[in-house]
Amino acid sequence: MKQVSSMLLALMAATWPAYGQSGAAQDGARGGLIGLATDAIHTLEAFVFATVPVFGVEVEWIVIWMALPMVILTFYFGFLNLRSFGRAFRVLRGDYRDDTAPGEVSQFQALSTALSGTVGLGNIAGVALAIAIGGPGATLWMILIGLFAMSLKFAECTLGVKYRDVHADGTISGGPMYYLKNGLAANGRAKLGRNLAWAYALIAVVATVPQITQANQAYSQLSGVIGVDNDGFALGFGFAIAGLTAIVIIGGIRSIASVTARLVPLMTVIYISAALTILFTNFGEIPAAFATIIDGAFHPEHYGKSAAGGALGALVIGMRRAVYSTEAGLGTATIAHAAAKTREPVSEGMVALMEPFIDTVVICTMTALVIIITGAYNFTGSDGVLLGDIQMTSAAFGSAISWFPYILALAVLLFAFSTIISWGYYSSKVWGFVFGEGKLSMMIFKIIFCVILIPSGFFSAKTVYALVDSLYFLMAIPNIIGIYLMAPELRRDTADYLARLKAGQIRTAKQIAAEPAAAE
Amino acid sequence: MSKSQTYLVALDGSEWSERAAQWAVNLAKSTGAKVHFFSVIPWSGFAPMSAPDLAYRPLEKAEEERHAREDILDAMVEKYKDTGVEFSTGYTWGNPVDEVRKEVKAQKIHMVFAGRRGRSKVLDMLMGSVSNSLAHSVGVPIVLVP
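Since the model is a prediction, treat every value here as computed from it, not as a measurement.

Draft legend 1. Representation of empty space enclosed by the protein within the structure. Tallied over the full model, the rule gives 1 cavity of 30 Å³ or more. Within this model, the largest cavity holds a volume of roughly 50 Å³. In this structure, the largest cavity is lined by Ser116(A), Ala257(A), Thr260(A), Ala261(A), Ser418(A), Ile421(A), Ser422(A), Ser50(B) and Ala51(B). If you list the elements that add at least two residues to the lining of the largest cavity, you get helix H13 (255-281) and helix H20 (404-435) of chain A. Residue classes in the lining of the largest cavity are distributed as 4 nonpolar, 5 polar and no charged.

What follows is the structure, encoded as structure tokens:
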């Protein structure tokens, strides 16, 4: 632990003066440590979100970095993403119970936990944001990228299960730190694996510990619905959310988190049901809505989005939101999937590929159709400006079901809290990898994690978002390098699994019930 | 009656289930049947879990296992060890009704003993009753001990 903290300090010392030089002129009045930090953040942001011209459209290189493996792996695995629905469903239903011992975390539970970490504003507000900037057509690209993202999710979650550490007491440590280290070592690249694992962990520990963004977005939706926004309320909200989180992660009272975990799927079902209700009452308009999406995908200028930069511009906007929405490539969801009890890593990967399908393809399509059918993408707020973000989604549902915005606010609060709890777990694993899982180390982590949430209501400062967002995406760099290197192994494993499945070597729960003696 | 009969007692650590054990043992003493103490730890692989639940599950499972084995099953065997009745024990996770039904088939059980919680009919209707469902689905004679 000492070694690591001195490494961190050295890293900071080495990088900060460099940022400071460029920043002094820009923000001379403030100076000091805060000025340095601000400059460092801006420099980092400028680096991560630097754009490169692609066919005349400026695209952030990081978006390309994340979208490219989604497409490449989809082809490399022979469109496994589209061929695995039936198998994933059978695994989830518990057909292959031979590797799911009673009382252990099932593959269904691992998926639902991972989903509670990704379903949220990224999906519900993300599609509205895409439409606001790129027109209705951006949705098509978002859905397409969501489908491709399934392959990347499959790759990382299979690795997450294959190269996890199982401790003597049965508890599990998994995630990119472990599969980069163990997986690349198994491929004869131990040193590279260690370096990538540490690079990932060092970035992730800074990126995942501050969950300010979630709390902040929940605050803005709540204050929007009840119409109160002042310092006292913001502070109260901060203390409430930090307090609830502290009860769970410091107090060990997990029942609050458990209740949330059960409510999130319920909320998702309510959301989808509301969307379906609106769609069915406007059944005749669905073909026209799809026509609008497809037309808009190639001609965003038809919908007043000439600034989007044509079809390619709409594609980039959709792609960006889809990358946010699926979180494929960040590697975080693998930490949850690693906890599933299964002997078949590939089967967990197949379960995991349902995640982008549910959180991006299904939820986004529904949301987009509701927004287009209700015409909410042309709604303006009280200030005469077109709505964007969560307000557009809220207005779309509200125009058909007047009380729905309140439900939505409640859902957003729950989604935010469950995301904070899930990410609290993810970041505790990363922290444990970096600083050790000792009692003192973990207590320091828990206190920092909760205290950071307190001022979340105040941060409208873009600087904070910029820091969190840019670090967040940086996690994808070591993770995706590792996935590329292990892709051949993944393809072999998948072929092997499918062959055994076809040959009937993977026994179903029914076969075992019929002749239990032959189970092993 | 033949000596090869086996009674299953569904145990969950409650006083009702312990009374059921008492009845089973008393009857077994006179019939010479064996008694199988069986405990089901309620569990569903379809109940969503939070991330911390996921992390603690292996530890919790170990604790549930210890509790079922030591506090419930072994305690019962210990209590009746001087009765001369032959005992066996078993435990698993899942839906109590389903698991008892499976165990009845697997162990070729002749008769089931279960405690019946003294709840009102209204509560039974609302919350469902394990003993009622058992009585309707277990497929062998069942004694519900109030």
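Draft legend 2. Fine view of the interface of chain B and chain A. Each partner contributes to the interface: chain B provides 21 residues, whereas chain A provides 26 residues. Carbon and sulfur atoms supply 63% of the area that chain B and chain A bury against each other, a total of about 2200 Å² over both sides. Ranking the residues of chain B by area buried against chain A places Phe46(B), Pro48(B) and Leu54(B) at the top, with a combined share of 28%. Where Lys61(B) meets Glu104(A), a salt bridge forms, and the shortest distance between an N and an O atom there is 3.2 Å.

Draft legend 3. Region of the structure containing the pattern of salt bridges. Scanning all chains against the criterion turns up 16 salt bridges over all chains. Note that Lys153(A) is salt-bridged to Glu355(A), the shortest N-O span being 3.3 Å. One end of the pair, Lys153(A), is in helix H8 (residues 138-162); the other, Glu355(A), is in helix H18 (residues 354-373), and 202 residues separate them in sequence. On the accessibility criterion, Lys153(A) (0% relative accessible area) is buried. We classify Glu355(A) as buried; its relative accessible area is 0%. Of the charged contacts in the structure, one is a salt bridge between Lys162(A) and Asp493(A), with a shortest N-O distance of 2.6 Å. Of this pair, Lys162(A) sits in helix H8 while Asp493(A) sits in helix H23 (residues 476-502), and the two are 331 residues apart along the sequence. Three or more residues joined by partner-sharing salt bridges are found here, namely Glu63(B), Arg66(B), Glu70(B) and Asp71(B).

Draft legend 4. View of the side chain of Thr74(A). All names here are of chain A. If you trace the backbone, Thr-74 turns up in helix H3 (residues 61-76). For Thr-74, a relative accessible area of 0% puts it in the buried group. Within the local environment of Thr-74, its side chain forms a polar contact with the side chain of Ser-151, the two groups lying 2.7 Å apart. In this structure Thr-74 touches Pro-69, Phe-79, Asn-81, Phe-148 and Ser-151, once residues within four positions along its chain are discounted.

Draft legend 5. Representation of the pairing of strand E2 (residues 57-60) of chain A in the model. As judged from the 4 bridges shared by strand E1 (residues 51-54) of chain A and E2(A), these two strands associate in the antiparallel manner. Its bridge partner being in E2(A), Val52(A) is matched across the sheet by Val59(A).

Draft legend 6. Geometry of the nonpolar core. Residue and element names in this part refer to chain A. Counting residues in hydrophobic clusters, the biggest one holds 155 residues, and the most contacted among them are Met-70, Leu-180, Ile-371, Met-392, Phe-397, Met-475 and Tyr-497. It is H20 that provides the largest number of residues to this core, a total of 18 residues. Residue contacts for Met-475: discarding those within four places in its chain leaves Tyr-200, Ile-203, Ala-204, Ala-207, Thr-208, Leu-330, Thr-332 and Trp-423.

Draft legend 7. Representation of the pairing of strand E2 (residues 34-42) of chain B within the structure. Residues and elements named next belong to chain B. Burial runs high along E2: 7 of the 9 residues are buried. As paired strands, strand E1 (residues 6-11) and E2 are joined by 6 bridges and run parallel to one another. Counted as the bridge partner of Tyr-7 is Val-35 from E2. A crossover links E1 with its parallel partner E2, the connecting element being helix H1 (residues 15-31), and its sense is right-handed. In this structure, E2 lies alongside strand E3 (residues 87-94), joined through 8 bridges in parallel fashion. Considered in E3, the bridge of Val-40 is made with Thr-92.

Draft legend 8. Up close: the sheet that holds strand E5 (residues 142-145) of chain B. Residues and elements named next belong to chain B. If you walk across this open sheet you meet the 5 strands as E3-E2-E1-E4-E5, and the pairing is parallel. Each of the sheet's edge strands pairs with one partner strand only, and the pair in question is E3 and E5. Pairwise comparison of adjacent strand axes, ignoring direction, gives a mean angle of 20° for this sheet. Bridge count between strand E4 (residues 111-115) and E5: 4 bridges; the pairing is parallel. Residue Ala-114 lies in a different strand from E5, and its bridge partner there is Leu-144. With respect to the sheet, helix H3 (residues 96-106) is in contact with E1, E2, E3 and E4, its orientation differing from that of E2 by roughly 150°. Most of the contacts of helix H5 (residues 130-137) go to E5, to which it runs at about 165°, and overall it touches E4 and E5.

Draft legend 9. Expanded view of the packing of helix H5 (residues 85-93) of chain A against helix H17 (residues 345-352) of chain A. Residue and element names in this part refer to chain A. Running from N to C, H5 and H17 cross one another at 105°; their axes reach a closest spacing of 8 Å. Viewed along their axes, H5 and H17 adopt a mutual orientation that is roughly perpendicular. Side by side, H5 and H17 meet where Arg-87, Ala-88, Val-91 and Leu-92 of the first sit next to Ser-347, Met-350 and Val-351 of the second. When grouped by side-chain class, the residues that make up the contact of H5 with H17 number 5 nonpolar, 1 polar and 1 charged.

The rules we used
Each chain carries its own residue numbering, running from 1 in the direction its sequence is written. Chain labels run from A onward and ligand labels from 1 onward, assigned in the order the entries are written. pLDDT decides what is reported in this predicted model: residues at 70 or higher carry local features, side-chain atom pairs at 80 or more are listed and counted, and totals for whole chains, interfaces and linings draw on all residues regardless. Calculated side-chain values reflect all of the structure's heavy atoms, with hydrogen atoms and water omitted. With a 1 Å grid spanning the protein atoms alone, the term cavity applies to any set of points in which a 1.4 Å probe fits but cannot get out, the term pocket to an open set with protein on both sides within 12 Å along at least five of seven lines, and the term lining residue to any residue with an atom within 4 Å of a point. Grid points are joined across faces, edges and corners, and a volume is the space filled by probe spheres set on the points. Labels follow the DSSP assignment, with helices taken as runs of H or I lasting at least four residues and strands as runs of E lasting at least two, numbered in each case from the N terminus. For this scheme, ten residues count as nonpolar: Ala, Val, Leu, Ile, Met, Phe, Trp, Tyr, Cys and Pro. Four count as charged, namely Asp, Glu, Lys and Arg, and the remainder, Gly too, count as polar. Contacts were defined at the residue level, with two residues in contact if any of their heavy atoms lie within 4.5 Å. Two parts placed together each lose some accessible area; with a 1.4 Å probe, that loss summed over both constitutes the buried area. The working definition used for a salt bridge is a side-chain nitrogen of Lys or Arg within 4 Å of a carboxyl oxygen of Asp or Glu. Classification of residues uses two cut-offs on accessible area relative to the type maximum, computed with a 1.4 Å probe and protein chains only: under 20% is buried, over 50% is exposed, and between them is partly exposed. Polar contact is the term for a pair of N or O atoms within 3.5 Å; when the atoms are in protein, one must be able to donate a hydrogen and the other to accept it, and sequence-neighboring residues count only if both atoms are side-chain atoms. Criterion used throughout: strands pair if DSSP finds at least two bridges between them. In these notes, a set of buried Ala, Val, Leu, Ile, Met, Phe, Trp, Tyr and Cys residues joined through side-chain atoms within 4.5 Å is what counts as a nonpolar core. For the handedness criterion, the strands are oriented away from the viewer, and a crossover whose path from the first strand over the helix to the second runs clockwise is classed as right-handed. As a rule, the C-alpha atoms of each element are fitted with a line to give its axis, helices using only the stretch in contact, and angles between N-to-C directions run from 0 to 180 degrees. Note on angle classes: values under 35 degrees are labelled roughly parallel, values over 145 roughly antiparallel, values of 65 to 115 roughly perpendicular, and the remainder oblique.

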